[in-house]
Amino acid sequence: MEAATDGRILRAGELEIRPEEFLALADGRPLNLTARELELLKALMERAGRIVSREELYVSVWGEPYRKSDRSVDVYVGKLRQKLEEAAPHHRFIHTHFGFGYRFSPQPAERSFTRLS
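These notes cover the structure that comes with them. Here the residue numbering is sequential within each chain, running from 1 through the sequence in written order. Reporting of local features is limited, given that this is a predicted model, to residues whose pLDDT is at least 70; pairs of side-chain atoms are given and counted only at 80 or more, and all residues count toward the totals for whole chains, interfaces and linings. Side-chain numbers come from the whole structure's heavy atoms, not from hydrogens or water.

1. Quick notes on the pairing of strand 6 (residues 91–97)
Argument step 1. Note on pairing: two strands pair once DSSP finds at least 2 bridges between them. In this description a helix means any DSSP run of H or I spanning at least four residues, a strand means any run of E spanning at least two, and both kinds are numbered starting from the N terminus. Across six bridges, the pairing between strand 6 and strand 7 (residues 101–108) is antiparallel. Across the sheet, H91 pairs through a bridge with P108, a residue of strand 7.

Laid out in structure tokens, this is it:
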């Protein structure tokens, strides 16, 4: 994974962000992300591999102090996760750590197997 905070391209597997162009790509195809979703994805990718608290994400992306009752981070992570899964169904990019926050780490999605009786 290539990470940068100065406007360079961020890459993780088939996912790429071009911050200066306000563009995110999955397998070379543009993702239809809102500005907030793009900033959230960028914040997670810049901190790849470590658990990032909701508070840290809120302050970084929204630029305001976090209010414990605010569920904005969770809502936006859900929307972002859905868009990423649609664009790259073979990977899981955002992992939830209940009680702690979120971690960005591109991993192949687990396959579900049906048990035959």
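2. Some points on the nonpolar core
Argument step 1. Residues belong to one nonpolar core when they are buried, are Ala, Val, Leu, Ile, Met, Phe, Trp, Tyr or Cys, and are joined through side-chain atoms within 4.5 Å. Burial classes follow relative accessibility: with a 1.4 Å probe on protein chains only, a residue under 20% of its type's maximum area counts as buried, one over 50% as exposed, and anything between as partly exposed. Core analysis: the biggest nonpolar cluster contains 30 residues, and L15 and L41 have the highest contact counts within it.
Argument step 2. In terms of residue count, the dominant contributor to this core is helix 1 (residues 35–46) (six residues).
Argument step 3. By definition, residues are in contact when any of their heavy atoms lie within 4.5 Å. Look past the residues within four positions of L41 in its chain and what remains in contact with it is L15, I17, A24, L33, L80, L84 and F104.

3. Let's talk about the environment of K83
Argument step 1. With respect to the element layout, K83 can be found in helix 3 (residues 72–87).
Argument step 2. Separated by 50 residues in sequence, K83 and L33 have C-alpha atoms that sit 7.9 Å apart.
Argument step 3. Excluding anything up to four places from it in sequence, K83 contacts L31, N32, L33, T34 and E37.

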